[in-house]
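Spelled out, the chains give:
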Amino acid sequence: MARTTTIELHKEEMKFSAGHFTIFSATHRENLHGHNFTVYVALTGEVLEDGILSDYRPLKTAIIDRCRAWNETFLLPGNSRHLRIERDARGNVLAHFNGEELRFLARDVTVLPVENITLEELSRMFGEGLVGDGSLMAQLHIQRLVVKCASGPGQWSSWEWGRHV
Ligand SMILES: Nc1nc2c(c(=O)[nH]1)N=C([C@H](O)[C@H](O)COP(=O)(O)OP(=O)(O)OP(=O)(O)O)CN2
C-alpha cells in the first residue's frame, strides 16, 4: 500500500521584505508600502522503500533563492491593465497610473508578469517559479505542491499544483 507524506517547509530564511501597492481599479490604488512577506511550501509524495520521499534540500534552496531575489525590492505588476510601465535607456522605470507618474531606479524595482501585486499573485508566481517545467517536481517525486505567501502573521494566500491536476 503506497505511503504518502507531506513535508512542510516554513524556515526563518523563507521571507522577503518588499514594497508594493495593490491596485483596486483604474483610479484607486494603495499608497506605496511594504511587508515582511513569509513563504510556506508543502510537498506531498510517496515515501519510497528506503523511508524517504526525496531529499528536499534542492527545493529548500530554490525557495530561499527566490526569496532572496525578491528581498529589498519594490514589486510592480507588469501585466496590469491600469498601470503602464516604461523603462529608459538605463533601465530605470517610469510607471503611469491614473495620471500619476511614479519613478524607480532599475536597482530598486522588480517587475513581475502579474496583473497585480497581491498575495494571490505572489503565491502563484512563487509556485510557478518552483514548478517550472515540472522537472524538479519529477526529480523529487512530488505529486502535490502548496505554496502560501503571507504579508504578515495571520494573512496569506495559497496556491496549489498537482501532478494530475
Ligand atoms: N485579495 C487581496 N486583497 C488585498 C490584498 C491582497 O494581497 N489580496 N492586499 C492588500 C494590501 O496590500 C494591504 O497591505 C494588506 O492588507 P492590510 O490588512 O490592510 O494591511 P496589513 O498587512 O498591514 O495588515 P493589518 O491588519 O493592517 O495589520 C489589501 N487587500
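Owing to the predicted nature of the structure, the values given are computational and were not obtained by experimental measurement.

**Some thoughts on the sheet that holds strand β7 (residues 100-104)**
The three strands lie next to each other as β5-β6-β7, forming an open sheet whose pairing is antiparallel. The two strands at the open ends of the sheet, each matched to only one other strand, are β5 (83-87) and β7. Pairs of neighbouring strands in the sheet enclose a mean axial angle of 20°, with direction left out of account. The pairing of strand β6 (residues 93-97) with β7 spans five bridges and is antiparallel. When the sheet's bridge partners are listed, Leu94 is paired in β7 with Arg103.

**Some remarks on the site of the ligand**
Around the ligand, the neighbouring residues are His20, Thr22, Glu30, His33, His35, Thr118, Leu119, Glu120, Ser151 and Gln155. When the ligand is considered free in solution it has 600 Å² of accessible area, and contact with the protein chains removes 47% of it. Counting residues per element, the ones that place at least two in the shell around the ligand are β3 (33-46) and α2 (119-131). Of the residues belonging to the shell around the ligand, the class tally is one nonpolar, seven polar and two charged.

**Some remarks on the nonpolar core**
Judged by nonpolar contacts, the single largest core of 34 residues is most densely connected at Phe16, Val39, Leu59, Ile63, Phe126 and Leu145. Sorting elements by how many residues they give to this core places α2 first, with six residues. Apart from residues no more than four positions distant in its own chain, Ile63 is found in contact with Leu9, Met14, Val39, Val41, Phe126 and Leu130. With 11 residues, the next largest nonpolar core counts Ile23, Leu76, Leu102 and Val109 among its residues.

**What about helix α1 (residues 57-70)?**
Taking 1.5 Å per residue as the helical rise, α1 with its 14 residues ought to reach 20 Å, and the 20 Å between its terminal C-alpha atoms agrees with that figure. Residues of α1 that are buried include every one of Leu59, Ile63, Ile64, Cys67 and Trp70, and no others. Considered in projection along α1, the buried side chains sweep an arc of 130° and stay on one side of the axis. Among the exposed residues of α1, those oriented more than 90 degrees off its buried face are Arg57, Arg68 and Ala69. Downstream of α1 by a residue or two, Glu72 has a phi angle that is positive, lying close to 55°.

**Focus: the pattern of salt bridges**
This structure, assessed with the given rule, holds 10 salt bridges. Arg107 is the salt-bridge partner of Asp108, the closest N and O atoms lying 3.7 Å from each other. Residues joined by salt bridges that share partners form a network here, namely Glu121, Arg124 and Glu128.

**Brief notes about α2**
A rise of 1.5 Å per residue sets the reference length of α2, with its 13 residues, at 18 Å; its end C-alpha atoms lie 18 Å apart and thus fit the reference within 8%. Within α2, burial applies to Leu119, Glu121, Leu122, Ser123, Met125, Phe126, Gly127, Leu130 and Val131. A positive backbone phi angle near 50° is found at Gly132, which sits one or two residues after α2.

Conventions and cut-offs
- Residues numbered from 1 in each chain as written.
- Predicted model: local features only at pLDDT ≥ 70, side-chain atom pairs only at ≥ 80, totals over all residues.
- Heavy atoms only, no water.
- Pairing = 2+ DSSP bridges.
- Helix = DSSP H or I, 4+ residues; strand = E, 2+ residues; numbered from the N terminus.
- Axes fitted to C-alpha atoms, helices over the stretch in contact; angles between N-to-C directions.
- Near = heavy atom within 4 Å.
- Areas by Shrake-Rupley, 256 points an atom, 1.4 Å probe, with all protein chains shown as cover.
- Nonpolar A, V, L, I, M, F, W, Y, C, P; charged D, E, K, R; others polar.
- Core = buried A, V, L, I, M, F, W, Y, C linked by side-chain atoms within 4.5 Å.
- Buried < 20%, exposed > 50% of the residue type's maximum accessible area, 1.4 Å probe, protein only.
- Contact = heavy atoms within 4.5 Å.
- Expected span 1.5 Å × (residues − 1).
- Arc of directions from axis to C-beta.
- Salt bridge = Lys/Arg side-chain N within 4 Å of Asp/Glu carboxyl O.

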